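Secondary and tertiary structure notes
Listed here are the chains, written in short residue letters.
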Amino acid sequence: MNKKIKIILIAAAIILVLIILWILFFNKGEKPALITLPPGGETSGIIEEVGPTPAVEIPKQGIVIVEEERPDVSNLVKLASAFAERFGSYSNQSDFNNIRDLQIFMTDSMEEWSESFIEDSRVKSGDSSIYYGITTKALKAELSEYDEAGGTAEILVKTQRREAMGDTGNAKIYYQDILIKLKKEGDIWKINGAWWQ
């Protein structure tokens, strides 16, 4: 073998050994800290970590803690929150698209109600040349009932609503809850009712 090749192989072997030693002895990367949640209920807004790093503060608003043994619930809460936002956002110039767009997520009886509601509202609606609109944002959702065997659930969604008439800079903000009832049809959860509180 050529003398240069032997020197290169020996140098490569030494470098490899040094890299392995460095990884084993000098690069003892710390494992990520574990985040623990208190059992059940709502957090106080602070989640403590186990490990050398300081506690992480997480804002209380919008956090929903779901029990692990009910994996469906997390998706139901998200569905109810998204439904509440769209259902509660309306403009007199949008021809009730907020409700029509949601009909795919409704049970048959809820869809029938929505069609009647749209027809009645069209008859009662006044002048649409002056803008009137409400924008709704879901702040928090709480599961109030869940019957997996019966295929029913109720979720109370707390919302912030912004109402404007004429000029959008002239808005009034208020808070309102909406109770969303869900029903399982086959394998799919659908909205079976929505009541502003």
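Residues numbered from 1 in each chain as written. Predicted model: local features only at pLDDT ≥ 70, side-chain atom pairs only at ≥ 80, totals over all residues. Heavy atoms only, no water.

**What to know about the sheet that holds strand β9 (residues 188-196)**
Rules: In this analysis, strands are considered paired if DSSP registers two or more bridges between them. In this description a helix means any DSSP run of H or I spanning at least four residues, a strand means any run of E spanning at least two, and both kinds are numbered starting from the N terminus.
Taking strand neighbours across the sheet as the criterion, the five strands line up as β5-β6-β7-β8-β9 in an open arrangement whose pairing is antiparallel. Each edge of the sheet is formed by a strand with only one pairing partner; in this case those strands are β5 (90-91) and β9. In the sheet, strand β8 (residues 172-185) pairs with β9 via eight bridges, with the strands oriented antiparallel. By the bridge assignment for β9, Ile178 is matched with Trp196.

**Some details on the confidence of the model for the protein chain**
Stated formally: pLDDT expresses how confident the predictor is about each individual residue, on a scale running from 0 to 100. Working rule for contacts: check all heavy atoms of both residues, and any pair within 4.5 Å makes them a contact.
Of the residues in the protein chain, 73% have a pLDDT of 70 or more, and the chain-wide mean is 77. Put simply, strand β2 (residues 46-47) is where the protein chain has its lowest mean pLDDT, 34, and β8 is where it has its highest, 95. Of the regions scoring below 50 in pLDDT, residues 30-69 engages in 41 contacts with residues more than four places distant in sequence or in other chains.

**A closer look at helix α4 (residues 108-124)**
Rules: Take the number of residues in a helix, subtract one, and multiply by 1.5 Å to get its expected span. Only protein chains enter the area calculation, which uses a 1.4 Å probe; residues under 20% of their type maximum are buried, those over 50% are exposed, and those in between are partly exposed. Summarising the geometry, the arc corresponds to the directions from the helix axis toward the C-beta atoms.
Taking 1.5 Å as the rise per residue, α4 with 17 residues should run 24 Å; its terminal C-alpha atoms sit 25 Å apart, in good agreement. Turning to α4, its buried residues number three or more, namely Met110, Ser114, Ile118 and Ser121. Along the axis of α4, the buried residues cluster in a sector spanning 85°; they form a single face. More than 90 degrees from the buried face of α4, the exposed residues found are Asp108, Glu112, Glu119 and Val123.

**Here we look at the side chain of Glu163**
Applicable threshold: Counted as a polar contact is a pair of N or O atoms within 3.5 Å, where, for protein atoms, one must be capable of donating a hydrogen and the other of accepting one, and residues adjacent in sequence contribute only when both atoms are in side chains.
With respect to the element layout, Glu163 can be found in strand β7 (residues 152-165). Within polar-contact distance, the side chain of Glu163 engages the side chain of Tyr132 at 2.4 Å. Leave out the neighbours within four places in its chain, and Glu163 touches Tyr132, Gly133, Ile134, Asn170, Ala171, Lys172 and Tyr174.

**Description of the nonpolar core**
Heads up, the rule is: Side-chain atoms within 4.5 Å link the members of a nonpolar core, which is a set of buried Ala, Val, Leu, Ile, Met, Phe, Trp, Tyr and Cys residues.
Phe83, Ile155, Val157, Ile180 and Leu182 are the most contacted members of the largest nonpolar core, which totals 25 residues. Breaking this core down by element, the ones donating at least two residues are α2 (71-87), α4, β6 (132-147), β7, β8 and β9. Top contributing element to this core by residue count: α2, with seven residues. If we skip the residues at most four places from it in the chain, Phe83 touches Leu102, Met106, Met110, Ile180, Ile191 and Ala194.

**What about a nonpolar patch on the surface?**
Applicable threshold: Exposure above 30% relative accessible area and the lack of any salt bridge qualify a residue for a patch; like charges then connect within 9 Å, and the nonpolar side chains Val, Leu, Ile, Met, Phe, Trp and Tyr within 5 Å. In these tables, accessible area is a Shrake-Rupley quantity obtained with a 1.4 Å probe, and a residue counts as shielded only by the protein chains included in the view. What counts as a salt bridge is simple: a side-chain nitrogen of Lys or Arg found within 4 Å of a carboxyl oxygen of Asp or Glu.
Where nonpolar side chains cluster on the molecular surface, the patch consists of Ile10, Ile14 and Leu18 and spans about 300 Å² of accessible area. By the element assignment, Ile10 lies in helix α1 (residues 3-25). Judged by its relative accessible area of 53%, Ile10 falls in the exposed class.

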